[in-house]
Amino acid sequence: MCVQLQYIRAIAALLVVYFHAILQLEKLNPDAWITVYLFGKSGVDLFFVLSGFVMWITTADKAQAVTDFWWKRIRRVVPLYWAVTLAAAMVALVLPQILKSTQFDVPHILASLAFLPWLNPSDPAGEMIAPLIVPGWTLNYEMYFYLLFGLCLLVPVRHRIAAITALIGSVFLVANLAPESTAARFYGDTVIFEFVAGVMLGRVYKAGISFSAPVVAVALVLGFAVLVFNDYRGFELPRLITIGVPAAVIIFFATAIRIPDLKAWRWLRLLGDASYSIYLTHIFTLAGSRMIYPWVIGTLQSDTLFVILMMAMSTAVGLASYTLFEVPVGRYLSTANPPGSGRPAKPSNA
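Numbers given for residues are sequential positions, taken from 1 along each chain in its written order. Since the coordinates come from a predicted model, pLDDT governs what is reported: local features require at least 70, and pairs of side-chain atoms require 80 or more to be given and counted, while whole-chain, interface and lining totals use all residues. Only hydrogens and water are removed before side-chain values are computed, so all heavy atoms of the structure are retained for them.

### Description of the overall build of the chain
Secondary structure elements are defined from DSSP: runs of H or I of at least 4 residues count as helices, runs of E of at least 2 residues count as strands, and each element is numbered from the N terminus. Scanning the chain from N- to C-terminus turns up 13 helices and 0 strands. Its helices and strands in sequence order give the chain the pattern α-α-α-α-α-α-α-α-α-α-α-α-α, from N to C terminus. As defined in this context, the radius of gyration uses C-alpha atoms, and a globule is described by 2.2 Å times the residue total to the power 0.38. Here the chain has a C-alpha radius of gyration of 20 Å; the compact-globule value for 350 residues is 20 Å, and the two agree. Counting only C-alpha atoms and orienting by the principal axes, one finds that the chain spans roughly 60 × 50 × 45 Å. Exposed residues in this analysis have more than 50% of their type's maximum accessible area, buried residues have under 20%, and partly exposed residues fall in between, with area computed by a 1.4 Å probe over protein chains only. Residues classed as buried in the chain amount to 50% of the 350 residues present. Taking as baseline every contact in the chain between residues at least 6 positions apart, the subset at least 24 positions apart corresponds to 75%. Put simply, the chain shows about 16,400 Å² of open surface, and 69% of that area lies on carbon and sulfur atoms. Here Asp and Glu are counted as negative and Lys and Arg as positive; His is not counted, and neither are the chain ends. Positions of charges follow a simple convention, taking NZ of Lys, CZ of Arg, CG of Asp or CD of Glu. Taken together, the 24 basic and 18 acidic charged side chains of the chain have centroids lying 14 Å from each other. The contact criterion used is simple: two residues touch if any of their non-hydrogen atoms lie within 4.5 Å. Only the protein chains shown count as cover for residues, and all accessible areas are computed by the Shrake-Rupley method using a 1.4 Å probe.

### Looking at the nonpolar core
Ranked by size, the top nonpolar core spans 99 residues in total, and within it Leu46 and Phe145 carry the most contacts. If one sorts the elements of this core by residue count, helix H1 (residues 4–28) sits on top with 13 residues. We call a set of buried residues a nonpolar core when its members are Ala, Val, Leu, Ile, Met, Phe, Trp, Tyr or Cys and they connect through side-chain atoms within 4.5 Å of each other.

### Some points on helix H5 (residues 137–152)
With 16 residues, H5 should cover 22 Å at 1.5 Å per step; its first-to-last C-alpha distance of 23 Å lies within 8% of that length. Judged by how many residues are buried, H5 sits mostly within the fold: 13 of 16 residues are covered. Here the expected length of a helix is defined as 1.5 Å per residue gap, with one fewer gap than residues.

Take a look at the structure:
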């Protein structure tokens, strides 16, 4: 798989960490000048397009049982997510003052573990659809996409893109025609089509389309500029258009060139490998940063340096999680039997 995907994953994770770091600082010091530059949620859209892309290029050229596909996605996503969710639940029960946006609510916890959309009881307005680990709302979409994409593996490859588009589009239409509800709001969001865009880009990538390095470089600079600008400005248009389109452009050009795994960029690839851990654990690090803010400001006397410190700490914790939990657990589960297969699973990096 092209190494630049890992670079994009790293950038996407760091964008999300920056976004939440600014939100955290805004609570600690609303007058901090850097809080004006609030952007980074677009990292999620990069992840969504990437997911669709990777699912296509890893399944298009080989037959794969639906249960095998689902098992690979479960063993990749579930262990760490369940671990941090249960950890957050325990913190919310024992030390509720630490995670202020988290409440111990059994139905909400069970829905979180099952990747079901649920109103977060910690939201005063009662409108936020998010699991116990708030950034986990993206995983609810991921698992929903994996469920539908797995079903489409039953369809011949030549019709598979049409099938996944029609399936997702049908659910989207029903959700928007159905009476107002949590599920209807969640599955009726246009953001789900970012996965479809990724699948289509995977098809383009398989066709072998490529561009020269200068063209790719210019396109990526412009793509990221538009992505961040639209993210920052927050236009009153569907997220699919304002952020999803530039995210798709970035993935298109990033994968339209064959580049070596440059030794100087191995650190960025490592961050890409650990991006899932960074994404899921950074809220714990940022929550802990509230306790040291007075000391940091008294010492560094800079809110900007505090944000940089929060991002560095979040990255370090994510790397530790990746090394100590994600890698060994993933290695163990890769040798486990997929449910109902009767044969060992093959290791996968998808």
